[in-house]
Structure formats: C-alpha cells, structure tokens
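# Chain and residue survey
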Amino acid sequence: MKVFEYSTYAMGTRFHLVVPGWDEPMGAAVGAYVSRILREEEDRMSRYKDHSELTKINNNALKEFVEISEPMKQILDECQFYVEATKGAFEPLLHKVEKMAASAETINEISSKHQTSLWKNIKWDDHKIRFLSSGIALDLGGFGKGWAMEKIVDCLKENHVTSAFISFGESTITTIGSHPLGGPWKTQIPNLYHGKPLDIELEDASISISGLKVKKVDGKVKKMAHIYHPSEERMIEEDILMLTKSVSPLRAEILSTALMAADDSQKTAILQTFSDDGFFECKGGNWQMLKKPLKQANES
Amino acid sequence: MTYQNRRTFLKNGLVAGTAILTPMSLMKIMAQTGQNVNSPNNKVLLGVIGTGSRGMHLMQIINDNKNQNGIEIVAICDVYKPHLDEAQAIAPNAKAFEDYRDLLEMKDLDGVIIATPLHVHAAPTIDALNSGLHVFCEKAMARNIEDVHAMALAHYETGKILQIGQQRLFDPKFLRGMDKVHNGDLGIVTQIRAFWHRNNDWRRPVPSPDLERFINWRLYREYSAGLLTELACHHIQVGNWAKRALPIDVRGTGSISYWKDGREVYDNVALIFRYEDGTQFIYDSMIQNKKYGLEVQIMGDKGTLEMETNRFFLENPPAPPKPAGIVQLVQDLERNVFGSVPIGSSSWDAELADTNPGEPIIQNDSTDGTPESLTGFANSIREGKSIPGLFEEGYYGTMWTLLGEQAIDTGEVVKIPQQFVV
Ligand SMILES: NC(=O)c1ccc[n+]([C@@H]2O[C@H](COP(=O)([O-])OP(=O)(O)OC[C@H]3O[C@@H](n4cnc5c(N)ncnc54)[C@H](O)[C@@H]3O)[C@@H](O)[C@H]2O)c1
C-alpha cells in the first residue's frame with residue numbers, strides 16, 4: 001500500500017507521522033498543518049525561545065501581571081488539574097530552572113532552597129498571570145509534546161485521517177484508528193539491559209515513556225537525569241522506565257513523568273484516580289504492570 | 001592595464017561591471033598572509049590621511065596585526081589638531097602633517113590610507129595616485145559621481161592600486177556565502193533584501209558650535225548623502241557582488257521623518273534596484289528603530305543566506321534521521337505486512353533543537369574583514385598589482401549608491417549614464 005510519511009525536528013526532538021494509504025500529494029497539506037501546529041505550540045511553550053509566551057511570563061510575572069492568551073490559560077488550567085490529581089508529583093513550576101539542569105553539585109546546592117509545593121506560588125485568571133515568589137519559572141517540558149500531539153490528532157481527524165502512527169521523540173507515541181490491515185497497532189517497547197520487551201497494542205490510544213535522558217556523547221550513549229523529584233528534592237538518577245498508556249497523549253505524557261517523581265502515596269493516588277489508564281514500570285530488566293487498566297486490558 | 005586597454009578588453013570580453021572578482025582570488029591573496037612580511041624589503045610603508053574615528057581605528061588594527069600585514073605607519077595627516085595628536089600616540093614615530101600634499105611628497109612611501117570625510121576623498125586620492133602612490137580609500141568613494149569616475153580614471157591611468165574600504169569583500173562569511181550563491185547552493189536568486197536600522201541621532205559631540213558642520217559632516221548634504229553613502233553603500237556593493245551584475249535601474253524614496261533637528265540628510269530611506277534577470281534588491285535604512293538591526297538576506301528557490309549574522313537556511317531542511325521502528329513500519333506497510341513496531345525510549349536527545357535554525361556559513365565568525373582588507377592591500381602592494389575586480393566592486397558600490405540618492409531626490413527611475421560604466 002501507499003504510505004505518507006512526514007518527519008521534522010520540533011520541541012528539541014524529532015517527530016514522525018506515518019499515514020497508511022495516503023500518498024505525497026494528499027499528505028502534503030496535512031504535513032503543512034502539522035508543521036504549523038508544532039511551530040505555534042513551540043513558540044508558545046518553549047523555554048529556549050526568547051520570544052515565546054512562556055519566556056515572557058517567566059521574565060516578567062514576578063514584577064507585574066502578564067497578559068496570557070486563551071490557549072495559555074487552558075494550559076495552566078490543565079496543569080492545575082494534574083498537579084492536584086497527582087498530589088504534586090506533576091510539577092510544572094521549577095525553582096531556579098536553569099541551575100536545575102546543571103551539574104549534580106549545583107543541584108545539591110539549590111535543593112535545600114527548594115519548596116515542595118511550588119505551584120501555589122502562581123496565580124492566574126482568564127487574562128493574566130502573576131508569580132507570588134521569586135526564583136521560580138514555568139517549565140512545560142513534561143507537558144508540551146503531549147499537548148501538541150492532542151492538537152495534531154484533532155487536526156488529522158478533521159482532515160479525514162482514519163489510521164495513523166505518530167512518534168514524537170519516540171517517548172510519546174500515538175495512534176489514530178486501527179492498523180490498515182485490521183486490528184490494533186502493535187508496538188514492542190524495548191527493555192533496559194536487553195531484557196524482554198513489552199508488547200503493547202494501541203487503537204486510538206497513546207503511550208508515553210519516561211526515564212533518564214539518552215544522549216550521545218562522542219558516539220557513546222549516556223544517560224542523564226532530567227526529572228526532578230519534588231518531595232525528595234533531588235534529580236531522579238535511577239535507571240528505570242515508566243510507561244503510561246492512555247486515550248490522551250497529554251495525559252500519558254504527564255503521568256509517566258509524574259510517576260517517575262512520585263512517592264508511594266502520590267503513586268497510589270495516580271493509580272486510583274486514573275483507573276482507565278495503564279501503567280508499566282521497567283526496573284532491573286523486567287517490565288511489570290503497575291495496575292491493570294480496566295479498559296483495553298489486552299497487554300501481554 | 002591602461003584605461004584604454006581595459007575598455008577594449010571589456011568590450012571584447014566581459015559585460016562591463018560583471019565581476020571578474022572571485023572569492024577565490026581574494027582567498028589567494030589572504031593565503032599569502034604572514035609570509036615573511038616583516039623583513040625590511042617586505043615592509044609596506046604607509047601614510048594615513050584623516051585620523052578621525054575610522055582613521056585611528058584602522059591604525060590600531062594595523063598595529064594589532066603587524067605580523068600579518070607588515071605595514072608600518074610612517075606618516076599621519078589631519079587638519080584638526082586634537083585628532084592628529086591622538087593619532088600620534090598610536091604611531092609615535094610617524095611624521096605628522098596638517099596638509100596632505102606635504103605628506104605625499106615624503107620619500108620611500110608606498111601608499112596612503114584615506115579616511116577623511118566623504119567630500120575629501122577624491123582630491124587626496126587622485127593626487128596620491130598621480131604621485132605614484134597606492135591608495136586605500138575609505139568607502140564611499142566620493143560625494144558625486146563625477147568625482148567617483150575621476151578617481152577611477154586616475155587609478156586606470158596611473159596603474160596604481162586603488163582599493164576602497166568595503167571590508168565585506170574580505171570577510172570570511174561573505175566570501176564563503178558568495179561561494180554558495182555563485183555555485184548554486186541557494187538555487188536561483190531572485191530577491192535580495194538588506195537593511196540597516198539604528199536608533200540614535202547619529203550626532204557626534206561638538207566642542208564649539210562653529211565646528212558643527214566640520215564634525216557632523218555626515219548630516220549635511222554638501223559633504224555626505226547620509227545613510228546612503230555612510231551605510232547603504234556597503235550592502236549595495238554586496239548586492240551587486242551576489243548578482244555578479246549591475247542593476248539596470250534604481251528607484252527610491254526618502255525623508256527626514258523623525259530627527260528634525262536641522263540636519264539636511266534623510267533619516268529614513270528606501271531603494272529598489274532591478275537587475276536584468278528580474279531580481280529585485282530592496283534596501284532600507286533608518287535611525288529611529290533598531291529592532292531589526294542590520295542584515296543582508298539573499299534569497300533563492302533552494303535557500304537563504306543571512307550574511308551579517310552568518311546563517312544559511314535551506315528551503316527544505318533535511319528531515320531528522322528515522323528511528324529504526326519507523327523505518328520498519330513503513331517497509332511493512334508498503335509490503336502489506338502486519339508487523340509489530342519496535343519503538344520507544346525515554347527521550348531522544350536531538351542534535352538540533354530548533355525546527356530550522358539554519359546553519360552557520362562559517363565556523364568561528366571572528367572578523368568583519370577590516371584587518372584582512374588592510375593585509376590584502378599590503379599584499380597587493382608587495383605584488384605590485386591590484387586584485388582583479390576588487391576596485392570595480394567599490395566603484396559600483398558607490399556609483400549605485402549615488403544613483404540611488406538621485407532617484408530619491410528626483411522621484412525618477414535612474415539608470416547609470418553610459419560614460420560612467422568603466
Ligand atoms: N569601512 C567602514 O566600515 C567605515 C566605518 C566608519 C567610517 N568609515 C569612513 O571613514 C571616513 C571617515 O569617517 P570618520 O567616522 O572617521 O570621520 P571623522 O570625522 O571622525 O574623521 C575624519 C577626519 O578627517 C579629518 N579631515 C577633514 N578634512 C581633512 C583634510 N582635508 N585633510 C586631512 N584630514 C582631514 C578630520 O579632521 C577628521 O579627523 C568616512 O569616509 C567614512 O565613511 C568607514
């Protein structure tokens with residue numbers, strides 16, 4: 001069969017869309033829409049762009065009220081929901097963000113100043129936002145790809161795409177409809193340390209995987225900490241993977257990150273609250289289901 | 001080559017004004033850099049006429065790069081004593097003059113650098129060439145096209161080197177960028193945009209009111225065409241260089257829109273140059289907003305150069321490498337095979353964070369070409385010959401700048417009068 005493929009760099013990683021049954025002339029238009037969504041969302045949420053809405057907020061919201069767009073308000077409301085639902089394991093507000101990504105020494109130095117519940121230090125309404133404490137910054141790193149993916153899925157469906165496979169940085173994977181040859185899409189998620197992979201089937205569903213960041217340094221693969229543990233006030237160094245399966249790519253992304261950072265009570269809260277979703281953990285070479293999802297419970 | 005010979009050569013061979021100048025010829029000259037330039041017979045002895053802000057800057061650069069250029073400043077000249085004294089501190093052994101004609105009579109001089117105000121370029125240049133000296137004259141060449149042409153004639157007739165201070169011709173990112181334009185990396189170039197924006201009154205402090213016109217010569221039409229001769233001529237030269245052609249005509253507008261302080265030159269200008277092949281070169285400059293700074297954008301169907309900021313953008317940037325799982329998925333689908341997709345990792349660290357940040361034209365962008373242009377001048381003197389096409393770049397850069405001024409002043413579409421084609 002014909003296959004349309006669209007690949008690009010976005011949000012600091014690579015994005016791949018595969019639409020079976022489509023060809024280049026048909027796909028070109030949706031490729032352009034997808035590219036526009038990715039650019040718009042990056043311009044809104046990137047911490048690395050001087051002119052993004054997020055950068056403007058981070059630079060000014062301590063001094064004065066900063067006007068926010070309707071989508072930014074929706075993003076903040078969405079964050080609010082997940083901060084509450086994960087009992088603070090999801091933390092889109094960071095203390096001294098720039099330092100946080102730096103060396104371990106720096107992280108230790110600042111962690112003592114870190115407060116567990118930062119989120120209460122921002123206030124917003126329909127039109128404006130204000131930071132109530134100094135040294136904080138919004139960071140939508142564990143949110144942006146999922147958010148953009150939701151917009152992309154809506155756009156593809158509006159444009160009559162009924163079957164598609166989308167990978168965003170390989171850490172967030174979304175499917176539309178079923179495989180063109182029938183039945184759900186089958187994926188095989190690699191294990192750490194060459195252990196047995198995890199088979200997951202996807203039909204109008206998404207998965208997101210969190211763990212240490214994989215970076216190639218001088219041709220060698222290195223794993224780097226990039227998620228902060230709010231309650232233990234440290235970067236997460238354990239080499240584990242957390243996988244969440246959900247109908248929503250945004251929820252999958254948020255919860256897989258939150259689970260990496262969650263303590264036991266937060267973990268329990270997440271598993272209880274999101275009982276429709278599926279959660280898997282890969283530790284020491286074994287994939288293990290944290291909670292059998294009530295729906296779509298067909299994983300091996 | 002004498003002027004007559006050159007005209008015949010052009011008539012028989014090349015279309016007038018199309019650059020014979022190649023980045024390669026400049027690179028070759030630069031490659032000679034540092035080759036024993038400091039041995040006594042290899043030293044190039046220069047005088048500097050006009051030791052104001054630019055003149056002293058050039059002297060400083062010469063001193064800082066002695067090992068590359070092998071230039072010794074043996075004479076300085078300025079009609080304004082405070083500037084002459086300051087320059088003497090940079091070149092303590094140089095002989096000081098207040099009248100350039102006395103400087104030109106010095107023995108053992110190889111050449112002069114002229115960094116006087118625009119209206120004082122032509123006379124010292126022509127006098128120096130006629131005295132058998134090589135000349136490095138700051139851009140723009142002169143205040144009117146007749147003087148510009150007279151300077152060209154003096155250069156061709158004396159056979160002495162005349163190099164105009166268009167330093168972009170020696171700037172590695174412009175050299176490499178032009179290579180890209182000329183070898184087709186941008187595809188077909190049909191539009192060039194350039195702009196130079198600042199936000200200040202462009203005035204210099206004046207110690208006493210009777211020195212206003214002398215110090216702030218840039219603001220008065222008798223001495224300068226303002227933004228056009230002081231800034232635009234740099235980019236107008238680059239436009240012609242990129243097209244390897246001369247415009248067929250220019251139109252433009254200008255106004256004093258903001259700095260209504262008694263100045264006579266426009267503070268806001270726009271020009272459009274047209275080229276034979278349909279290319280438009282759109283230029284503008286102003287001094288009441290600096291957000292966009294300065295840039296030259298050369299646009300083809302395959303790519304764009306942003307020369308001042310050292311960036312090259314492909315119209316269709318390469319797609320990221322595909323993860324193995326996606327490659328397998330596509331192969332399976334194309335063969336109607338239902339396979340499982342091996343995919344998934346915690347986070348893939350991109351080699352490229354931005355969607356299309358472009359790529360640098362050159363690594364280590366560390367010079368604006370001025371030191372290299374002075375070294376190039378000294379090397380040309382050592383070789384006893386001009387770099388082919390280099391003078392003409394400067395000539396047409398200024399010529400089309402002044403024609404642009406005419407277009408603005410008259411509101412007409414202006415072409416180059418045939419007698420000014422060299
Ligand atoms: N290539 C570049 O990027 C660049 C940059 C700045 C200036 N320039 C050019 O350099 C030239 C000088 O500009 P500037 O900013 O140094 O101006 P300036 O006013 O600071 O200096 C001009 C100097 O010439 C002197 N002078 C005037 N008449 C003279 C005469 N008859 N004989 C000897 N000296 C005389 C003045 O006293 C003054 O010291 C201009 O043509 C300008 O366009 C080029």
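Residues numbered from 1 in each chain as written. Chains lettered and ligands numbered in written order. Predicted model: local features only at pLDDT ≥ 70, side-chain atom pairs only at ≥ 80, totals over all residues. Heavy atoms only, no water.

### A word on the nonpolar core
For soluble globular proteins, the rule of thumb is that nonpolar side chains tend to be buried together. Within the largest apolar cluster, 90 residues are counted, with the highest numbers of intra-cluster contacts made by B:Val112, B:Ile298 and B:Tyr395. Every residue in contact with B:Val112, bar those within four places of it in the chain, is listed here: B:Leu46, B:Gly47, B:Ile49, B:Leu103, B:Leu104, B:Ala128, B:Leu133, B:His134, B:Val135, B:Phe136 and B:Phe377. Grouped together as the second largest cluster of nonpolar side chains are 39 residues, A:Leu138, A:Leu255, A:Ala262 and A:Phe274 included. (Core = buried A, V, L, I, M, F, W, Y, C linked by side-chain atoms within 4.5 Å. Buried < 20%, exposed > 50% of the residue type's maximum accessible area, 1.4 Å probe, protein only. Contact = heavy atoms within 4.5 Å.)

### Re the confidence of the model for chain B
All names here are of chain B. Looking at chain B, pLDDT values average 90 and 88% of them are 70 or higher. In this model residues 7-19 is a low-confidence stretch, pLDDT under 50, and it forms 15 contacts with partners more than four residues away in sequence or in other chains. Contacts of residues 350-355 to residues separated by more than four positions or lying in other chains number 15 contacts, the stretch itself having pLDDT below 50. Here the prediction assigns the complex a pTM of 0.72, and the interface score ipTM is 0.79. (pLDDT = per-residue confidence, 0-100.)

### Let's talk about the pairing of strand 6 (residues 162-165) of chain B
What you see with strand 6 of chain B is no split at all: B:Leu162 and B:Ile164 on one side and B:Gln163 and B:Gly165 on the other are buried throughout. Running through helix 8 (residues 145-158) of chain B, the crossover from strand 5 (residues 134-138) of chain B to the neighbouring parallel element strand 6 of chain B is right-handed. (Helix = DSSP H or I, 4+ residues; strand = E, 2+ residues; numbered from the N terminus. Right-handed = clockwise from strand over helix to strand, strands pointing away.)

### Examining the environment of B:Asp147
All names here are of chain B. Examined against the element boundaries, Asp147 turns out to sit in helix 8. Look at Asp147 and you get partly exposed, because its relative accessible area is 30%. Not counting residues up to four positions away in its chain, the partners in contact with Asp147 are Ala122 and Ala142.

### Quick look at the sheet that holds strand 6 (residues 128-131) of chain A
Residue and element names in this part refer to chain A. Here we have three strands laid out as an open sheet, ordered 3-6-5, and antiparallel in their pairing. The two strands at the open ends of the sheet, each matched to only one other strand, are strand 3 (66-67) and strand 5 (122-124). In this sheet, strand 6 lies alongside strand 3 in antiparallel orientation, the contact comprising two bridges. When the sheet's bridge partners are listed, Val66 is paired in strand 6 with Ile129. Where helix 3 (residues 70-85) meets the sheet, it contacts strand 5 and strand 6, and its direction lies at approximately 130° from that of strand 5. (Pairing = 2+ DSSP bridges. Axes fitted to C-alpha atoms, helices over the stretch in contact; angles between N-to-C directions.)

### Brief notes about the sheet that holds strand 13 (residues 311-314) of chain B
Residue and element names in this part refer to chain B. Ordered in space as 8-9-10-7-11-12-13-15, the eight strands form an open sheet in which the pairing is mixed. Either end of the sheet is taken by a strand with one partner, and the two such strands are strand 8 (247-255) and strand 15 (359-360). Lying on the sheet, helix 14 (residues 390-410) is in contact with strand 8 and strand 9 (268-275); it crosses strand 8 at an angle near 55°.

### Thoughts on helix 11 (residues 227-243) of chain B
All names here are of chain B. Compared with an ideal rise of 1.5 Å per residue, which puts 17 residues at 24 Å, helix 11 spans 23 Å between its outermost C-alpha atoms and is within 8% of the ideal. Among the 17 residues of helix 11, 17 are classified as buried, and the element is accordingly described as predominantly covered. Looking at the residues trailing helix 11, positive phi occurs at Arg244, about 50°. (Expected span 1.5 Å × (residues − 1).)

### Section: the interface of chain B and chain A
Counting residues at the interface gives 31 residues for chain B, matched by 44 residues for chain A. Taken together, both faces of the contact between chain B and chain A bury some 3,400 Å²; the carbon and sulfur share is 61%. Put simply, chain B and chain A have one salt bridge between them. As a salt-bridge pair, A:Glu5 and B:Lys322 come within 2.7 Å of each other at their nearest N and O atoms. The leading source of residues in the side of chain B that touches chain A is helix 12 (residues 324-334) of chain B, at five residues. Here the side of chain B that touches chain A is composed, by residue class, of 18 nonpolar, eight polar and five charged. Relative to strand 14 (residues 341-342) of chain B, strand 10 (residues 185-189) of chain A runs parallel, the two being bridged by two bridges. Note on strand 14 of chain B: the bridge partner recorded for A:Thr187 is B:Val341. (Buried area = accessible area lost by both parts, 1.4 Å probe. Salt bridge = Lys/Arg side-chain N within 4 Å of Asp/Glu carboxyl O. Nonpolar A, V, L, I, M, F, W, Y, C, P; charged D, E, K, R; others polar.)

### Considerations on the pattern of salt bridges
Opposite charge on two side chains permits pairing when their charged atoms draw close. Residue and element names in this part refer to chain B. Applying the stated criterion across every chain, the model contains 34 salt bridges over all chains. In this structure, Glu212 engages Arg203 in a salt bridge whose closest nitrogen and oxygen atoms are separated by 2.9 Å. For Asp249, the salt bridge identified is with Arg274, shortest N-O distance 2.7 Å. On the criterion of sequence distance, the pair formed by Asp249 in strand 8 and Arg274 in strand 9 is long-range, its members being 25 residues apart. A relative accessible area of 2% places Asp249 in the buried class. By relative accessible area, Arg274 is classed as partly exposed at 32%. One salt-bridge network, held together by shared partners, links Arg143, Arg221, Glu405 and Asp409.

### What to know about unusual backbone geometry
For the peptide bond that leads from B:Lys139 to B:Ala140, omega is -20°, which places it in the cis range. Looking at the element boundaries, B:Ala140 is found in the loop between strand 5 and helix 8. Look at A:Lys87: it is not a glycine, yet its phi comes out positive at around 50°. Structurally, the position occupied by A:Lys87 is in the loop between helix 3 and strand 4 (93-95). The backbone phi angle of A:Glu170 is positive, close to 60°, even though this residue is not glycine. A relative accessible area of 6% places A:Glu170 in the buried class.

### Side note on the packing of helix 7 (residues 249-261) of chain A against helix 8 (residues 264-273) of chain A
Residue and element names in this part refer to chain A. Close contact between helix 7 and helix 8 brings their axes to 9 Å; oriented N to C, the two are set at 155°. The orientation of helix 7 relative to helix 8 falls into the category roughly antiparallel. Along this stretch, helix 7 crosses helix 8, giving a crossing that reads as left-handed. On the side of helix 7, the interface is formed by Leu255, Ala258, Leu259 and Ala261, while helix 8 contributes Gln266, Lys267 and Ile270. (Parallel < 35°, antiparallel > 145°, perpendicular 65-115°, else oblique. Left-handed = near helix turned anticlockwise from the far one by under 90°.)

### Some words on the packing of helix 3 (residues 53-64) of chain B against helix 5 (residues 81-90) of chain B
Residue and element names in this part refer to chain B. One way to put it is that helix 3 packs onto helix 5 with a least axis distance of 10 Å and a crossing angle of 5°. As judged from the angle between their axes, helix 3 and helix 5 are roughly parallel. Residues Met56, Met59, Gln60 and Asn63 of helix 3 pack against His83, Glu86, Ala87 and Ile90 of helix 5. Residues that form the contact of helix 3 with helix 5 fall into these classes: four nonpolar, three polar and one charged.

### Some thoughts on the site of the ligand
All names here are of chain B. Near the ligand, the surroundings consist of 24 residues, among which Arg54, Asp78, His83, Arg218 and Glu230 are the closest. Take Gly52: an N or O atom from its main chain is 3.4 Å from an oxygen atom of the ligand. With the chains in place, 89% of the 840 Å² that the ligand exposes on its own is no longer accessible. Secondary-structure elements contributing two or more residues to the shell around the ligand are helix 3 and helix 11. Tallied by class, the residues present in the shell around the ligand amount to seven nonpolar, 10 polar and seven charged. (Near = heavy atom within 4 Å. Polar contact = N/O pair within 3.5 Å; in protein donor to acceptor, adjacent residues only side chain to side chain. Areas by Shrake-Rupley, 256 points an atom, 1.4 Å probe, with all protein chains shown as cover.)

### Digging into the packing of aromatic side chains
Within this structure, the stated rule accounts for 16 aromatic pairs over all chains. Relative to B:Phe377, the ring of B:Phe136 lies with its centre 5.7 Å away and its plane at 65°, an arrangement referred to as edge-to-face. Of the two residues, B:Phe136 sits in strand 5 while B:Phe377 sits in helix 13 (residues 370-383), which places them 241 residues apart along the sequence. For the pair B:Phe136 and B:Phe377, one class covers both residues: buried. Taken together through their ring pairs, the aromatic side chains of B:Tyr156, B:Phe391, B:Tyr395 and B:Tyr396 make up a single cluster. For A:Arg130, the ring lying beneath its charged end belongs to A:Phe65, and the centroid distance is 5.2 Å. (Phe/Tyr/Trp six-rings, centres within 6.5 Å; stacked < 30°, edge-to-face > 60°. Lys NZ or Arg CZ within 6 Å of the ring centre and 35° of its normal.)

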